[in-house]
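So the chains spell out like this:
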Amino acid sequence: MHDIWNPWHGCRKYSEGCQNCYMFYLDKLHSSPRPSTLVYKTSSMNYPLSKFRNGKYKIQSGEQIRLCMNSDFFIEEADPWREEVWDIIRLRSDVKFFILTKRAQRIAQCLPYDWGDGYDNVSINVTCENQKRADERMPILQNIPAKHKGVMTAPMLSEIHIEKWLEKGFIDEVVCGGENYNGARECRYEWVKSLSEQYNTKFTFIETGTYFVKDGKKYKIPSKFKQSQLAHKSGLSHGGQEFPYKLVDSWNMEIPRAELYTPSFIERCENCGSKPICNGCAKCGKCGDI
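Report on the accompanying structure. Not measured: the values here are computed from a predicted model.

**Considerations on the overall build of the protein**
Reasoning step 1: Looking only at helices and strands, one finds 6 helices and 12 strands in the protein.
Reasoning step 2: Against the compact-globule benchmark of 19 Å for 290 residues, the protein has a radius of gyration of 19 Å, which places it among compact chains.
Reasoning step 3: Of all 290 residues assigned to the protein, the portion counted as buried reaches 49%.
Reasoning step 4: Considering only contacts within the protein whose residues lie at least 6 apart along the sequence, 74% involve residues at least 24 apart.
Reasoning step 5: Of the side chains in the protein, 41 bear a positive and 36 a negative charge, and the two mean positions are spaced by 5 Å.

This is the structure in structure tokens:
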């Protein structure tokens with residue numbers, strides 16, 4: 001996918017949400033020659049710096065890039081390489097970077113030397129898959145200096161109450177979704193609805209997961225696109241206060257919004273639950289296979 005940057009691959013299961021981790025599943029499916037628990041640097045380390053022959057960056061100003069979807073950005077094994085990533089993020093001050101972690105207690109010690117109160121183009125996000133992890137990670141996130149912060153409740157494994165933190169106004173958005181792949185656990189409509197109603201923070205319900213329970217009936221929904229369609233159809237997603245990014249060029253001049261990347265979508269995207277947080281269609285031609 002054009003909006004994902006995996007400078008390293010591999011992870012160790014850390015909390016309840018990791019039980020059926022998609023990375024382990026996909027590695028096995030593709031017969032990866034390396035164990036999924038081996039954390040190694042990939043050939044994609046310099047991906048955000050890739051250019052076309054005309055010298056323009058392949059990733060345009062204003063795009064959002066999600067980091068380490070096949071690992072954890074703050075995992076200990078990646079400590080020797082993380083400064084390289086911060087250097088690239090610093091160079092691409094015109095691009096938005098989305099960092100997600102379950103290792104919230106390591107964030108503060110792994111921030112770059114010039115972080116200050118945060119980079120204008122970086123969002124720090126924590127996973128809260130159940131109430132236990134929300135109670136553990138939300139206070140840590142509150143105390144981390146960052147211009148942008150968010151919460152990912154995926155896979156959502158229980159009803160979760162975080163309104164006392166949302167009311168403080170330091171969260172840009174909450175993203176919610178069910179669980180997929182081998183061994184997927186159920187997600188319940190009432191859990192998602194409760195979270196959606198907890199404050200006026202931007203809320204995006206991206207997918208139901210393979211097993212979704214509504215009105216006491218359990219549905220099996222193997223198609224991820226169908227899951228996204230049903231999430232959109234639920235009407236539970238909503239906007240909230242905007243926290244605009246300040247993106248600057250190599251001269252540290254703020255880039256006008258009109259000059260930033262505008263996502264493009266095809267017809268099938270209009271009913272997709274992930275559209276509010278999506279980087280747009282990459283025109284990869286694979287839609288018919290989903």
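**Looking at the sheet that holds strand E8 (residues 173–177)**
Reasoning step 1: With parallel pairing, 7 strands are arranged side by side in an open sheet as E1-E4-E5-E6-E7-E8-E10. Two strands bound the open sheet, and with one partner strand each, they are strand E1 (4–5) and strand E10 (202–207).
Reasoning step 2: The pairing of strand E6 (residues 122–127) with strand E7 (residues 148–153) spans 5 bridges and is classified as parallel. Across the sheet, serine 123 pairs through a bridge with histidine 148, a residue of E7.

**Some words on the packing of aromatic side chains**
By convention here, two paired aromatic rings are described through the distance between centres and the angle between planes.
Reasoning step 1: With the rule as written, the count across this model stands at 10 aromatic pairs.
Reasoning step 2: For the pair tryptophan 8 and phenylalanine 73, a centre-to-centre distance of 5.7 Å together with 25 degrees between the ring planes defines the contact as stacked. Within this pair, whereas tryptophan 8 is found in strand E2 (residues 8–9), its partner phenylalanine 73 is found in the loop between strand E4 (64–67) and helix H2 (79–91), the two being separated by 65 residues in sequence.
Reasoning step 3: Assessed through its relative accessible area of 0%, phenylalanine 73 is described here as buried.
Reasoning step 4: Considering the side-chain rings of tryptophan 8 and tryptophan 81, the 6.0 Å spacing of their centres and the 45 degrees angle between planes classify their relative orientation as tilted. Taken together, the positions of tryptophan 8 in strand E2 and tryptophan 81 in helix H2 put the pair 73 residues apart, joining distant regions of the chain. Each member of the pair, tryptophan 8 as well as tryptophan 81, is classed as buried.
Reasoning step 5: Of the aromatic side chains, those joined through ring pairs into one cluster are Trp8, Phe73, Phe74, Trp81, Trp86, Trp115 and Tyr119.

**A closer look at helix H1 (residues 22–29)**
Reasoning step 1: Taken together, the buried positions of H1 are Met23, Phe24 and Asp27. Seen end-on, H1 carries its buried residues on one side only, within an arc spanning 100 degrees.
Reasoning step 2: Considering only its buried residues, H1 is in contact with E2.
Reasoning step 3: In the segment just after H1, serine 31 is the residue with positive phi, at about 55 degrees.

**Looking at the sheet that holds strand E9 (residues 187–188)**
Reasoning step 1: The 3 strands lie next to each other as E9-E11-E12, forming an open sheet whose pairing is mixed. Each edge of the open sheet carries a strand with a single partner, namely E9 and strand E12 (217–220).

**A word on the nonpolar core**
Reasoning step 1: Trp8, Met138 and Ile162 are the most contacted members of the largest nonpolar core, which totals 59 residues.
Reasoning step 2: Among the elements that line this core, the one with the most residues is H2, at 5 residues.
Reasoning step 3: If sequence neighbours within four positions are ignored, isoleucine 162 has contacts with Ala134, Met138, Val151, Val174, Leu195 and Gln198.
Reasoning step 4: If you look at the next biggest cluster of nonpolar residues, it comprises 7 residues, including Met152, Ala154, Val175 and Ile206.

**A few points about the side chain of glutamate 179**
Reasoning step 1: Structurally, glutamate 179 can be placed in the loop between E8 and E9.
Reasoning step 2: We classify glutamate 179 as buried; its relative accessible area is 5%.
Reasoning step 3: A polar contact is formed between the side chain of glutamate 179 and the backbone nitrogen of arginine 185, at a distance of 2.8 Å.
Reasoning step 4: Setting aside its immediate chain neighbours within four residues, glutamate 179 contacts Gly17, Asn20, Pro155, Leu157, Ala184, Arg185, Gly209 and Thr210.

What counts and how
- Residues numbered from 1 in each chain as written.
- Predicted model: local features only at pLDDT ≥ 70, side-chain atom pairs only at ≥ 80, totals over all residues.
- Heavy atoms only, no water.
- Helix = DSSP H or I, 4+ residues; strand = E, 2+ residues; numbered from the N terminus.
- Rg over C-alpha atoms; globule rule 2.2 N^0.38 Å.
- Buried < 20%, exposed > 50% of the residue type's maximum accessible area, 1.4 Å probe, protein only.
- Contact = heavy atoms within 4.5 Å.
- Lys, Arg positive; Asp, Glu negative; His and termini not counted.
- Charge placed at Lys NZ, Arg CZ, Asp CG, Glu CD.
- Pairing = 2+ DSSP bridges.
- Phe/Tyr/Trp six-rings, centres within 6.5 Å; stacked < 30°, edge-to-face > 60°.
- Arc of directions from axis to C-beta.
- Core = buried A, V, L, I, M, F, W, Y, C linked by side-chain atoms within 4.5 Å.
- Polar contact = N/O pair within 3.5 Å; in protein donor to acceptor, adjacent residues only side chain to side chain.

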